[in-house]
Structures are given as structure tokens and as C-alpha cells.
Amino acid sequence: MRYQWLEWAKRIQALSQAGLTFSKDIYDIERYEELRKISIEIMSEYTELEMNKIKDLFANETGYQTPKIDVRGVVFKNQQILMVKENIDDKWALPGGFCDIGLSPSENVVKEIKEESGYDVIPIRLIALLDKNIHPHPPDPYHYYKIFILCEIIGGEATTGIETNNIQFFSEHNLPQLSTNRNTESQIKTLFEFLRNPEKETLFD
């Protein structure tokens, strides 16, 4: 489902931030500040978030705004996929999270899987690079790209981390309640296609 008001608000925010980054003229800066305020008002009108909360979300962004990067580890064992239960919403997701500066995507996914599930893995291949806006995730004030990397377990054992409270493997037809901010049912089912067909081409968008 597309939320046009959200797309407008995010676009206005991105344009205003770019203007604040590159503009030198005091009057242009005032105009871009006003545009940012309008984007915050739109968010506040259509969500339950207070204006100060939204302002804080936007104010922590500096420089030219680009999509954020989220990396997810895809680990299969006995025809089932590894998932972790998130403390934040008590629902299930592929292990992963924001990419940290200074680490490559594969280094990030190895770190996230270890921290959230306890397993040591090696990355095998990139299987999907998806735009969150094009998939049925809940609305979000930020624009994300999601990287899915196929990994293989080489050691470790199931151990919960700071952000997780359970670790299990699930079959394609017995998926748990998903944390849809992080992954959707259609995405998980698509990932199982790579289990059945290891030669399947990498997906994008």
C-alpha cells in the first residue's frame, strides 16, 4: 500500500535538507527551514507522533539525504530459515539491522547474525537488494534499501542477544508472526526460492 502523503512529506524533507546543506544565502536557508517545518506538520497530521518527536527524527540528519541501508542475513538449515524474535515488538525477523559505518555489507551481516542469534556464519552471495517503498511494509518516515545476503553457519550456537529474545528455524509454510517493518511474508517466501534454485538471479528493487 502506498501512502502518498508520506511520499510527499519525505520528498519535501529530502529537498529541504539538501537545500540546508548547500545553500549559503540566508533567505534561501529560511525557505528551506520552512519546507522542513511543512514536512514535519504533514507527518504529525497523519501519524500519532508528536511534532517534537518528528522534528528530532529529522534534525539528526545532516548533509545530503540518501536512503538508509538495512542488511538481513538469510540462513537455511534443514529446509528452514533462521529467524529471531525482536524485543522491540515481540515479532520475528531475519537477523540484521542498520549497516554500520566502517564495515562492508558482508561484514555487517556476519556481525548482526552473531549478535542476534549466536551463530557464526560466512556470507555466500547477495541475493536481493530491495527498495522498502516498493514492498508492503508499514509506512516509515525514512527511505530504506534492504540488502539480503545468503549465509552459511560455520559455528556458534543459538544464543539471544540484547535485541532478541528467541531464535528458531521456520519452514516456508509455517512462518511466525513477522515484524513487518523488517521483513514481509512475500519477501520471506521469495527467499525460499533461492533454497530451491541456488542459481536464481539476484533480485533488485
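Above this text sits the structure in question.
Overview of the structure.

Cut-off values and rules
Numbering of residues starts from 1 in every chain and runs along the sequence as written. In keeping with the predicted nature of the model, local features appear solely for residues at pLDDT of at least 70, side-chain atom pairs appear and are counted solely at 80 or more, and the whole-chain, interface and lining totals rest on all residues. The side-chain quantities take in all heavy atoms of the structure and omit both hydrogens and water. Only runs of H or I of at least four residues qualify as helices and only runs of E of at least two qualify as strands under DSSP, and these elements are numbered from the N terminus. Two residues form a contact once any of their heavy atoms are found within 4.5 Å. Residue burial is assigned from relative accessible area. The probe radius is 1.4 Å, only protein chains are included, and a residue is buried under 20% of its type maximum, exposed over 50%, and partly exposed in between. Side-chain atoms alone can form a polar contact between residues adjacent in sequence; in general such a contact is a pair of N or O atoms within 3.5 Å, and within protein one must be able to donate a hydrogen while the other accepts it. Residues enter a patch when their relative accessible area is above 30% and they make no salt bridge; the linking distance is 9 Å between like charges and 5 Å between nonpolar side chains (Val, Leu, Ile, Met, Phe, Trp, Tyr). Throughout, the Shrake-Rupley method with a 1.4 Å probe supplies accessible areas, and for residues the shown protein chains are the sole cover considered. A carboxyl oxygen of Asp or Glu within 4 Å of a side-chain nitrogen of Lys or Arg is what we treat as a salt bridge. Expected helix span is given by 1.5 Å per residue-to-residue step, counting one fewer step than there are residues. Side-chain atoms within 4.5 Å are what join buried Ala, Val, Leu, Ile, Met, Phe, Trp, Tyr and Cys residues into a set we call a nonpolar core.

Observations regarding the overall build of the protein chain
Here's step 1: Looking only at helices and strands, one finds five helices and eight strands in the protein chain.
Here's step 2: Its helices and strands in sequence order give the protein chain the pattern α-α-α-β-β-β-β-α-β-β-β-α-β, from N to C terminus.
Here's step 3: On the principal axes, the C-alpha backbone points of the protein chain span a range of 60 × 35 × 30 Å.
Here's step 4: Summarising the internal contacts of the protein chain: among those between residues at least 6 apart in sequence, 69% fall at separations of at least 24.

Some thoughts on the side chain of Ser-117
Here's step 1: Tracing the backbone through its elements, the reader meets Ser-117 in helix 4 (residues 105-117).
Here's step 2: Among the residues examined, Ser-117 registers a relative accessible area of 0% and is labelled buried.
Here's step 3: Engagement of the side chain of Ser-117 in a polar contact is seen with the backbone oxygen of Ile-113, the distance being 2.6 Å.
Here's step 4: Among the polar contacts listed, one links the side chain of Ser-117 to the backbone nitrogen of Tyr-119, at a separation of 3.3 Å.
Here's step 5: If sequence neighbours within four positions are ignored, Ser-117 has contacts with Leu-82, Val-84, Glu-157, Ala-158, Thr-159 and Ile-167.

Overview of a nonpolar patch on the surface
Here's step 1: The grouping of Leu-126, Leu-129, Tyr-145 and Phe-204 at the surface amounts to a nonpolar patch, some 390 Å² of accessible area in total.
Here's step 2: Here Leu-126 shows up in strand 5 (residues 119-131).
Here's step 3: Under the relative-accessibility criterion, Leu-126 is labelled partly exposed at 40%.

What to know about helix 1 (residues 4-22)
Here's step 1: Its 19 residues give helix 1 an end-to-end C-alpha distance of 27 Å, which sits within 8% of 27 Å, the value for a rise of 1.5 Å per residue.
Here's step 2: Considered for burial, the residues of helix 1 that qualify are Trp-5, Leu-6, Glu-7, Ala-9, Lys-10, Gln-13, Ala-14, Ser-16, Gln-17, Ala-18 and Gly-19.

Some thoughts on the nonpolar core
Here's step 1: Formed by 17 residues in total, the largest nonpolar core has its most connected members in Val-74, Ile-81, Met-83, Leu-94, Phe-148, Ile-188 and Leu-191.
Here's step 2: Put simply, the parts of the chain that give this core at least two residues each are strand 1 (68-77), strand 2 (80-86), strand 5, strand 6 (144-156) and helix 5 (185-196).
Here's step 3: If you tally residues by element for this core, the top one is helix 5, at four residues.
Here's step 4: Once residues lying within four places of it in the same chain are set aside, the contact partners of Leu-94 are Arg-72, Gly-73, Val-74, Ile-81, Leu-82, Met-83, Val-84, Phe-148, Asn-183, Ile-188 and Leu-191.
Here's step 5: The next biggest cluster of nonpolar side chains, apart from the first, holds 13 residues, and it includes Val-84, Ile-113, Tyr-119 and Val-121.

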